[in-house]
Amino acid sequence: MSNITIYHNPACGTSRNTLEMIRNSGNEPTIIYYLDTPPTRDEIIKLISDMGITIRALLRKNVEPYETLGLEDESFTDEHLLDYILQYPILINRPIVVTPLGTRLCRPSEVVLDILPDAQKGTFVKEDGEKVVDDAGKRLK
């Protein structure tokens with residue numbers, strides 16, 4: 001059983017890159033397709049707490065229904081924002097990765113390298129061609 005979990009959206013390049021960096025460390029994570037199986041209220045609260053971020057920092061701003069709902073309005077309480085996230089899981093920014101070394105919103109994707117328990121096994125190049133890890137498994141940036 002894996003000790004790494006990724007809240008993943010396969011349609012997202014950042015999420016795909018993050019998943020592949022986990023695999024490049026020799027680990028096969030538990031993959032939660034959060035749009036199909038959204039986290040519960042308690043799970044979201046725990047993830048936010050473990051990441052040390054605010055609920056507003058978890059929101060994806062460049063998707064509907066963010067603008068339609070007017071979520072940029074600072075008058076929404078955390079409870080209101082959480083209700084919207086539960087109703088529209090697409091509002092969850094991703095990917096979120098949980099490892100024994102911490103929980104992070106992995107944007108950019110190489111943030112995952114800070115919390116992986118095992119080193120990279122070799123070269124890693126993002127989908128856009130950016131080289132992140134060299135042939136020896138050493139992080140480049």
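Treat the numbers as computed from the prediction; the structure is a model and nothing was measured.

How would you summarise the nonpolar core if you had to cite specific residues and measurements?
Of all hydrophobic cores here, the largest spans 20 residues; its most connected members are Ile44, Leu58, Ile85, Leu91, Ile92 and Ile96. Of all the secondary-structure elements, those providing two or more residues to this core are α2 (41-51), α3 (55-58) and α5 (78-87). Take this core: its biggest share by element is 4 residues, from α2. Membership of the second largest hydrophobic core comes to 15 residues, among which are Ile6, Cys106, Ile115 and Leu116.

Residue-level account of the pairing of strand β2 (residues 30-33), with values.
Sheet analysis places strand β1 (residues 5-8) next to β2, joined by 4 bridges and oriented parallel. What sits directly across from Tyr7, in β2, is Ile32.

Outline the pairing of strand β4 (residues 102-105), listing residues and values.
Direction of pairing for strand β3 (residues 96-99) relative to β4: antiparallel, over a ladder of 4 bridges. Pairing of Val98 across the sheet is with Thr103, part of β4.

Can you break down the packing of aromatic side chains residue by residue, with the values?
Two aromatic rings are characterised by how far apart their centres lie and by the angle between their planes. Within the structure shown, the criterion is met by 1 aromatic pair. Their ring planes at 85° and their centres at 5.7 Å tell us that Phe76 and Tyr84 sit as a pair that is edge-to-face.

Tell me what's going on with helix α1 (residues 13-24), and back it up with residues and numbers.
Helix length check: α1 (12 residues) gives 16 Å between terminal C-alpha atoms against 16 Å at 1.5 Å per residue, within 8%. By the burial criterion, the buried members of α1 are Thr14, Ser15, Asn17, Thr18, Leu19, Met21, Ile22 and Asn24. Looking at the packing, one finds that the buried side of α1 touches β1, β2, β3, β5 (124-125) and β6 (131-133). Looking one or two residues beyond α1, the residue adopting positive phi is Gly26, at roughly 90°.

Basis of the calculations
Residues numbered from 1 in each chain as written. Predicted model: local features only at pLDDT ≥ 70, side-chain atom pairs only at ≥ 80, totals over all residues. Heavy atoms only, no water. Core = buried A, V, L, I, M, F, W, Y, C linked by side-chain atoms within 4.5 Å. Buried < 20%, exposed > 50% of the residue type's maximum accessible area, 1.4 Å probe, protein only. Helix = DSSP H or I, 4+ residues; strand = E, 2+ residues; numbered from the N terminus. Pairing = 2+ DSSP bridges. Phe/Tyr/Trp six-rings, centres within 6.5 Å; stacked < 30°, edge-to-face > 60°. Expected span 1.5 Å × (residues − 1). Contact = heavy atoms within 4.5 Å.

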